[in-house]
2 protein chains.
Amino acid sequence: MGNYAFGVDVGGTTVKMGLFDEAGRVLDKWEIPTVKDNDGESILPDVAKSILKKMKEKDISEDDLAGIGIGVPGAVDGEGTLIGGAVNIGWKPFNIPKVLSAYINVPVKAANDANAAAFGEMWQGGGRGYSNMVAVTLGTGVGGGIIVNGNILTGATGAGGEIGHIHIEDNETEECGCKNKGCLEQYASATGIARLARRRLAEDDKPSILREGHLSAKTVFDAVKAGDEVAIQIAERFGHYLGKGLAAVAGVVNPEVFVIGGGVSKAGEILLGFIEPELQKYVFPPCGSVKLALAELGNDAGIYGAAGLILQNKK
Amino acid sequence: MGNYAFGVDVGGTTVKMGLFDEAGRVLDKWEIPTVKDNDGESILPDVAKSILKKMKEKDISEDDLAGIGIGVPGAVDGEGTLIGGAVNIGWKPFNIPKVLSAYINVPVKAANDANAAAFGEMWQGGGRGYSNMVAVTLGTGVGGGIIVNGNILTGATGAGGEIGHIHIEDNETEECGCKNKGCLEQYASATGIARLARRRLAEDDKPSILREGHLSAKTVFDAVKAGDEVAIQIAERFGHYLGKGLAAVAGVVNPEVFVIGGGVSKAGEILLGFIEPELQKYVFPPCGSVKLALAELGNDAGIYGAAGLILQNKK
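What comes next is a walk through the structure. Keep in mind the model is a prediction, meaning the values are calculated, not measured.

### Things to note about the overall build of chain A
Then step 1. In terms of helices and strands, chain A carries ten helices and ten strands.
Then step 2. Relative to the globule expectation of 20 Å for 315 residues, the C-alpha radius of gyration of chain A, 21 Å, shows essentially globular dimensions.
Then step 3. Principal-axis analysis of the C-alpha atoms gives chain A an extent of 65 × 45 × 35 Å.
Then step 4. Sequence separation of at least 24 residues holds for 62% of the intrachain contacts in chain A that already meet a minimum separation of 6.
Then step 5. Element-wise, carbon and sulfur atoms account for 49% of the exposed surface of chain A, whose accessible area totals about 12,600 Å².

### Topic: the sheet that holds strand β10 (residues 291-294) of chain A
All names here are of chain A.
Then step 1. The strand order across the open sheet built from five strands is β8-β7-β6-β9-β10, with neighbouring strands paired in mixed fashion. Of all the strands in the sheet, the pair left with one neighbour each is β8 (151-152) and β10.
Then step 2. The pairing of strand β6 (residues 133-138) with strand β9 (residues 257-261) spans five bridges and is parallel. Looking at β9, one finds that Ala135 is bridged to Val259.
Then step 3. Here helix α8 (residues 229-253) sits on the sheet and contacts β6, β7 (142-148), β9 and β10; the angle it forms with β6, its principal contact strand, is near 150°.
Then step 4. Of the strands in this sheet, β6, β9 and β10 are in contact with helix α9 (residues 270-282), which crosses β10 at around 160°.

### Regarding the side chain of A:Asp228
Residues and elements named next belong to chain A.
Then step 1. Checked against the element boundaries, Asp228 lands in the loop between α7 (217-225) and α8.
Then step 2. Buried and without a salt bridge, Asp228 has Arg211 as its closest oppositely charged side chain, separated by 8.0 Å.
Then step 3. Within polar-contact distance, the side chain of Asp228 engages the side chain of Ser208 at 3.0 Å.
Then step 4. Apart from the residues within four sequence positions on either side, Asp228 is in contact with Ser208, Ile209, Leu210 and Ala223.

### Considerations on the interface of chain A and chain B
Then step 1. Each partner contributes to the interface: chain A provides 36 residues, whereas chain B provides 36 residues.
Then step 2. The largest contributions to the chain A side of the interface with chain B come from A:Val252, A:Asn254 and A:Phe284, which together make up 21% of the buried area.
Then step 3. The interface formed by chain A and chain B holds two salt bridges in total.
Then step 4. We note a salt bridge from A:Lys244 to B:Asp170, for which the minimum N-O separation is 2.9 Å.
Then step 5. Linking chain A with chain B are 22 residue pairs in polar contact (both at pLDDT 80 or more).
Then step 6. Looking at the side of chain A that touches chain B, the elements with two or more residues in it are β7, α8 and α9 of chain A.
Then step 7. Ranked by residue count, the leading element in the side of chain A that touches chain B is α8(A), at six residues.
Then step 8. Looking at the side of chain A that touches chain B residue by residue, the classes come out as 19 nonpolar, twelve polar and five charged.

### Section: the side chain of A:Asp21
All names here are of chain A.
Then step 1. Positionally, Asp21 belongs in strand β2 (residues 14-21).
Then step 2. By relative accessible area, which is 11% here, Asp21 ends up buried.
Then step 3. Only 2.9 Å separates the side chain of Asp21 from the side chain of Arg25, close enough to count as a polar contact.

### Describing the nonpolar core
Then step 1. Counting residues in each nonpolar core, the largest one holds 116 residues, and the members touching the most others are A:Phe258 and B:Phe258.
Then step 2. Setting aside chain neighbours within four positions, we find B:Phe258 in contact with B:Val134, B:Val136, B:Leu246, B:Val249, B:Ala250, B:Leu279, B:Val290, B:Lys291, B:Leu292 and B:Ala293.

### Observations regarding the pattern of salt bridges
Side chains carrying opposite charge are able to pair once their charged atoms draw close together.
Then step 1. The tally for this structure, following the rule as stated, stands at 35 salt bridges over all chains.
Then step 2. One network of salt bridges, with partners in common, ties together A:Arg200, A:Glu203, A:Asp204, A:Arg211 and A:Arg237.

### A short note on empty space enclosed by the protein
Then step 1. Taken as a whole and judged by the stated rule, the model has three cavities of 30 Å³ or more.
Then step 2. If you add up the space inside the largest cavity, you get close to 130 Å³.
Then step 3. As for the largest cavity, its lining consists of 14 residues, and the residues nearest its centre are A:His167, A:Ile168, B:His167, B:Ile168 and B:Lys244.

So, how was this worked out
- Residues numbered from 1 in each chain as written.
- Chains lettered and ligands numbered in written order.
- Predicted model: local features only at pLDDT ≥ 70, side-chain atom pairs only at ≥ 80, totals over all residues.
- Heavy atoms only, no water.
- Helix = DSSP H or I, 4+ residues; strand = E, 2+ residues; numbered from the N terminus.
- Rg over C-alpha atoms; globule rule 2.2 N^0.38 Å.
- Contact = heavy atoms within 4.5 Å.
- Areas by Shrake-Rupley, 256 points an atom, 1.4 Å probe, with all protein chains shown as cover.
- Pairing = 2+ DSSP bridges.
- Axes fitted to C-alpha atoms, helices over the stretch in contact; angles between N-to-C directions.
- Buried < 20%, exposed > 50% of the residue type's maximum accessible area, 1.4 Å probe, protein only.
- Lys, Arg positive; Asp, Glu negative; His and termini not counted.
- Salt bridge = Lys/Arg side-chain N within 4 Å of Asp/Glu carboxyl O.
- Polar contact = N/O pair within 3.5 Å; in protein donor to acceptor, adjacent residues only side chain to side chain.
- Buried area = accessible area lost by both parts, 1.4 Å probe.
- Nonpolar A, V, L, I, M, F, W, Y, C, P; charged D, E, K, R; others polar.
- Core = buried A, V, L, I, M, F, W, Y, C linked by side-chain atoms within 4.5 Å.
- 1 Å grid on protein atoms, 1.4 Å probe; cavity = no way out; pocket = protein on both sides within 12 Å on 5 of 7 lines; lining within 4 Å.
- Points joined across faces, edges and corners; volume = space filled by probe spheres on them.

In structure tokens, the structure reads:
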């Protein structure tokens, strides 16, 4: 068995791909468009074609490959079967390794894309050195991925680690996208932070940079860095909700580290300072040793994690 | 390797032991006192002596044994090391399999007692047929054990599954044993239910059987069965809190089933009827397929699970 692996991250508009060596270094990185016509039937053949081309270009044979890892936007079970299909690329349920390895005869492992990204952060990113970790993605929504003893926690229906919908506020009147009210995602996502900001600004007339221009997670944290008091209050509310939510997660799975990623995490270390005290306030003390770290791989976490599924287990 | 296993459950006053066959049947069951003198130094030698005596009595050799499983009242890591000791039996940290297998030369596996009990319920109890399960113990406190893909989720510090201390109520004024306020345990344990009952009775003068005699989880659910309206309201509040807490757990680990045990669960099926609607109200819909079941093994769950650690993995 070889020492190289390809990592593939199938998204709604592009498929990201990378060639990795055993040490976890990315040797090459590229992408191809996701062709969604006819229930996305050409996506896997396109991936295979692109990998075979790269193998030729780099003079890599099947024997040089440890395998191919692939992350997809849907729930995947332990055997690599896409349980419920992947709506936004048109895929019906099927076993991914079986189909892909028919094109390239090497071991194939498949995972949900968020879980693959979590795995990537553990392998080569903000969670390096840990094997019990929860990745928290603060983007349009709040997603997550849980790693237990170095393995992805898939869950019964592939929804393990979907921590964005933990109920966190009894007094919420607006509905979350999931139809419940008071989900973590309503306060800790990029849209949630903008919502907290609008609510805070409506409370009084206190001057703030945020009263001019566009409201977003980015403008809020930029204002925090500029010392804006109203923005700091908004960030404290964000930290309260996220800290409370992560405290619940810590009590359930007792991780070593939370790795915070997604667009909101671009605010940097300052973010963690708002989360930490609230996490410590609510956490069950024996689980309070959990650390907070920032994700490091950005949009490449998915290809790292997919390749890591192959190379990490090789040792 | 043989087909029998001993399951050992070390408690504060007695050590329970059982001899099991591969099919999960208990062939014999007995207990010995837990001698806690001198930091509990004679406990493991006593266990070994008792097992050797039983082996002689049943004409079972080391070759007939698949191994010995043991549950202990402390955090145990994946290698069977008692990480932080076990305060209530005087044990300091040490590797349990190493010590016990010096007396009887067979494979030994150790686990936290609550986790072993959870494993037992999966192997031969209310969680039979599932491999992703959360055991919830409603006793003096609220404990838990999480099984992921058939394996115990230990966590970074052995506190995985300690779901009793999820924060669930912002308006609580009394402290939980863990020093936080508003923990699940404050409402869903036996003492928590009695507390909910006292609070409800103090609200008005509505007649209730519960106004006479001793208040406990048992008297509350007996009154529920007798159709007492006040008791039903108390049970609804209990169901609200536990359903809300389990919804959070379901969103994190996405189990197939919750197995409800502990003294409170003796109320029977009626209990589940109060939990189910609240669980469904708060759960992230993709995790809503989770089932509720009652534990079946009672105080024997620990010896079953300990033996199961050996015999389940044998297949």
